[in-house]
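Close look at the chain arrangement
Spelled out, the chains give:
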Amino acid sequence: MRTPFAFSAICAVFSLVSASSRHNYNTHNYYVVEHDPEYASLTEVASSLGVEVVERVGELADHWLVRTRKGLEGREEGDGVLKRHETLRARSAETGIKYLSRQSLRQRTKRAPILERRQSDDSDGARAVAERFGIHDPLFPDQWHIINDEEPIHSMNVVPVWEMGFTGKGIISSFIDDGLDYTSVDLKANFVAEFSHDYNDHEDLPTPKLGDDTHGTRCAGQVGAGKNTACGIGIAYDSKVAGVRILSGPISDADEAAALNFGYHNVSLYSCSWGPPDNGMVMDGPGYLINKAVLNGINKGRGGKGSVFVFAAGNGAASGDQCNFDGYTNSIYSVTVAAVDHKGERPYYSEACTANLIAAYSSGNGKRIVTTDKGTNKCTDTHGGTSAAAPNAVGVFALALEARPDLTWRDIQHLCVENARQIGDGEEWQLTAAGRNYSSNFGYGALDATAFVQAAQKWKLVKPQTRMHTKNDPN
Ligand SMILES: *[C@@H]1O[C@H](CO)[C@@H](O)[C@H](O)[C@H]1NC(C)=O
Ligand SMILES: *[C@@H]1O[C@H](CO)[C@@H](O)[C@H](O)[C@H]1NC(C)=O
C-alpha cells in the first residue's frame, strides 16, 4: 500500500470514537469498497469518493467499510457516493475501486422452536450412563437426543464416542445467533470471550439483552454445556463455545460477512440456525460480501482446512417453504441439517429439499430438546425446530474434529454422505446414480455420532475441490 502512514492516521482517529457510534445508520450512509492497491491508495480512493474509512470488513482483504454523513448527502439528488463512483469509472478503468455497494440493514430469521404438547420422559438407560460417566447434570435423563429409552435407535448416538474418549477437547464452535449467556454456570467454563462479538450493538461480548434473546444460549448448550450440576450436558461437553450476536436486530451485509469469519483461525465450526424468512414467499441468499466471506472461510479458516458452516434447513415446511429457495442452505459450502423427531419421523416444520445433506434429532411428536437457557442457572425443555437440529450436528462434528483435527470442510461433507443412517419408511428414498439412497426430507439420513467418528478415524482425506468448465459453459 502506498500510504500506510495516512491510513494509520485514519485508524487512530476512529479508535477514539466508540464502536457503536462508528456504526450508526441514522447519522451516516455506509458503503463497502473493494480497494485495488495497484492503482490508488485507500486514502486517495476515500477522498475521491468523498467518504471516511471506518474499518476493514472482517477478514476480507482489501474490503473497507466507509461512510458519509447523512446530512451532507441529503442536499444532493440520489446517492452522491455512487454518482462520484460512476463519474470516476467513466473517466478511467483504473480507479482503484473494484467494487462498491451501499449497505442496508436486514433482519435474519431464527429457525425458532416450534411449540407442541409435551410428553414426560423417564429414562432408565440414561441413569445407568450417568452413573458410568459420573454425570450429575439433573436434566440429563430428559435429554432423549442423547439417550432415547423409548426408541433407542433414534438418538445422536454419542455415548459410545464419549466411551472412546472424545468429548470435544480443543475444538471451538461459534454460535452466530442472538447472543450467548456466558454468565450461565452451565456455559461459563467453556465460553471463549476472545472469539465472541456483538455485531448488533458493536460490543466485544455477545450479551443477550432482548427478552427473546434465548436462542443462541440454547443452541450453545446443546454442544458445550458442561458436565456439572446445571441442566443437561452438551454433546461435546469439553469443547469451547463462542457467541457472535447478529440476530437481535437488522444488520448489514458487511457485518454479517465479518461475523461468518470471526475468529476463523481458531474456530472450527460455525453454527447457523437462521436465514431468510420461512414464510414460503421469500427467495433470498447471501449477498456478494457474504458469499465472499464464506469462500474466505472455507479457503483460509482453520489454518486452510476450512471453516465448517452448519445451517438449519428451515422451519417453513407447513407454509410451503423449502430450503432450495434459501441461498445459505443450498450453498455447496454449507452443511444443511434437517430435523428428525424422537420417533424417526419428519417433523411437520422441517423443510424438504435437495440441499439437505443430513438430518439431526429435534422436536416433534410431543417431545422437544432439553438444554441450557439464558440466566445464571436456567434450563429449558422447549427448544426445537431445525434450530436445534443444526447444533446437534455441530456437536457431533466437534467430537470428530477432536479425533481427526486434519479433516477439511470437504471431508466433513463426505463423511456425512457416507455415514448417515437411513430412517423413515422406504417410500421417500430414491436411489441416486452414485448408488446411495437420498431423501429430500432427511438428506442422506440421520447423523449418527458413533458411525461418523469411527469412519473419521480411518478416513483418507479427500483432495481439494476442483472445477471443470466445458466449452459450452458460459462461466
Ligand atoms: C489461534 O490460532 C493461532 C494460529 O494457529 C494461534 O497462534 C493462537 O495461539 C490461537 N489462539 C488461541 C487462543 O487458541
Ligand atoms: C434404498 O432404500 C430402499 C428402500 O428402503 C432399500 O430397499 C434399499 O436397500 C436401499 N438401498 C441402498 C443402497 O441403501
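If you're wondering where the values come from, they're calculated on a predicted model, not measured in any experiment. (Residues numbered from 1 in each chain as written. Chains lettered and ligands numbered in written order. Predicted model: local features only at pLDDT ≥ 70, side-chain atom pairs only at ≥ 80, totals over all residues. Heavy atoms only, no water.)

Within the chain one finds 13 helices and 17 strands. Radius of gyration (C-alpha) of the chain: 23 Å, near the 23 Å computed for a compact globule of 475 residues. When each of the 475 residues of the chain is scored for burial, the buried share is 58%. Counting every atom, the chain has about 19,300 Å² of accessible surface; 51% of that belongs to carbon and sulfur. Distance between charge centres in the chain, computed from 47 positive and 58 negative side chains, equals 4 Å. (Helix = DSSP H or I, 4+ residues; strand = E, 2+ residues; numbered from the N terminus. Rg over C-alpha atoms; globule rule 2.2 N^0.38 Å. Buried < 20%, exposed > 50% of the residue type's maximum accessible area, 1.4 Å probe, protein only. Areas by Shrake-Rupley, 256 points an atom, 1.4 Å probe, with all protein chains shown as cover. Lys, Arg positive; Asp, Glu negative; His and termini not counted. Charge placed at Lys NZ, Arg CZ, Asp CG, Glu CD.)

So, about the environment of Gly-301. Structurally, Gly-301 is set in the loop between helix H10 (288-300) and strand E11 (308-312). Taking C-alpha positions, Gly-301 is 4.8 Å from Tyr-264, a pair spaced 37 residues apart along the chain. Excluding its chain neighbours within four sequence positions, the residues that come into contact with Gly-301 are Tyr-264, Asn-296, Gly-306 and Ser-307. (Contact = heavy atoms within 4.5 Å.)

Okay, the UniProt feature "active site" (unreviewed entry) in the chain next. Per the UniProt entry, the sites bearing "active site" (unreviewed entry) are Asp-177, His-215 and Ser-387 in this numbering. The largest pairwise C-alpha distance within this set of annotated residues, which runs over 211 residues, is 10.3 Å, so the set is compact in three dimensions. With respect to the helices and strands, the residue Asp-177 is situated in strand E6 (residues 172-177). For Asp-177, the residues in contact, after removing those within four places along its chain, are His-215, Gly-216, Cys-219, Val-244, Arg-245, Ile-246, Leu-247 and Ser-273. Only 2.7 Å separates the side chain of Asp-177 from the side chain of His-215, close enough to count as a polar contact. A residue is classified by how much of its surface remains accessible, and His-215, at 4% relative accessible area, is buried. (UniProt positions renumbered as here; feature names shortened; annotations may be inferred. Polar contact = N/O pair within 3.5 Å; in protein donor to acceptor, adjacent residues only side chain to side chain.)

What follows deals with the site of ligand 2. For ligand 2, the full set of nearby residues is Gln-422, Gly-426, Leu-431, Gly-435 and Asn-437. A distance of 3.1 Å separates an oxygen atom of ligand 2 from a polar side-chain atom of Gln-422. Between ligand 2 and Asn-437 there is a distance of 2.4 Å, counted from an oxygen atom to a side-chain nitrogen or oxygen. For ligand 2, the protein covers 39% of the area, taking 360 Å² as the surface of the free molecule. Within the shell around ligand 2, the residues separate by chemical class into one nonpolar, four polar and no charged. (Near = heavy atom within 4 Å. Nonpolar A, V, L, I, M, F, W, Y, C, P; charged D, E, K, R; others polar.)

Every residue near ligand 1 is listed here: Glu-194, Phe-195 and Asn-266. At 2.4 Å, a side-chain N or O of Asn-266 approaches an oxygen atom of ligand 1. About the coverage of ligand 1: the protein hides 30% of its 360 Å² of free accessible area.

What follows covers unusual backbone geometry. Even without being a glycine, His-202 presents a positive backbone phi close to 55 degrees. Summarising the element assignment, His-202 is placed in the loop between strand E7 (197-198) and helix H8 (215-224). For His-202, a relative accessible area of 12% translates into the label buried. In the Ramachandran plot, Asn-365 falls in the positive-phi region, its phi being about 50 degrees despite a non-glycine side chain. Residue position: Asn-365 is located in the loop between strand E13 (358-361) and strand E14 (369-373).

Per the domain assignment, the segments of the chain are domain 1 (7-102) and domain 2 (109-457). Domain 1 puts 14 residues into the contact, and the matching count from domain 2 is 14 residues. Across the interface of domain 1 and domain 2, roughly 1,100 Å² is buried in total on both sides, 65% from carbon and sulfur atoms. Taken as a group, Glu-59, Leu-60 and Tyr-99 account for 43% of the area that domain 1 buries against domain 2, more than any other trio of residues on that side. Ionic pairing is found between Lys-292 and Glu-34, a salt bridge with its closest N-O pair at 3.0 Å. At the surface where domain 1 touches domain 2, the tally comes to six residue pairs in polar contact (both at pLDDT 80 or more). Among the elements of the structure, helix H2 (19-22), strand E1 (28-35) and strand E3 (63-69) are those that each provide at least two residues to the side of domain 1 that touches domain 2. Here the residues of the side of domain 1 that touches domain 2 are counted per class, giving seven nonpolar, four polar and three charged. (Domains from an automatic or database assignment. Buried area = accessible area lost by both parts, 1.4 Å probe. Salt bridge = Lys/Arg side-chain N within 4 Å of Asp/Glu carboxyl O.)

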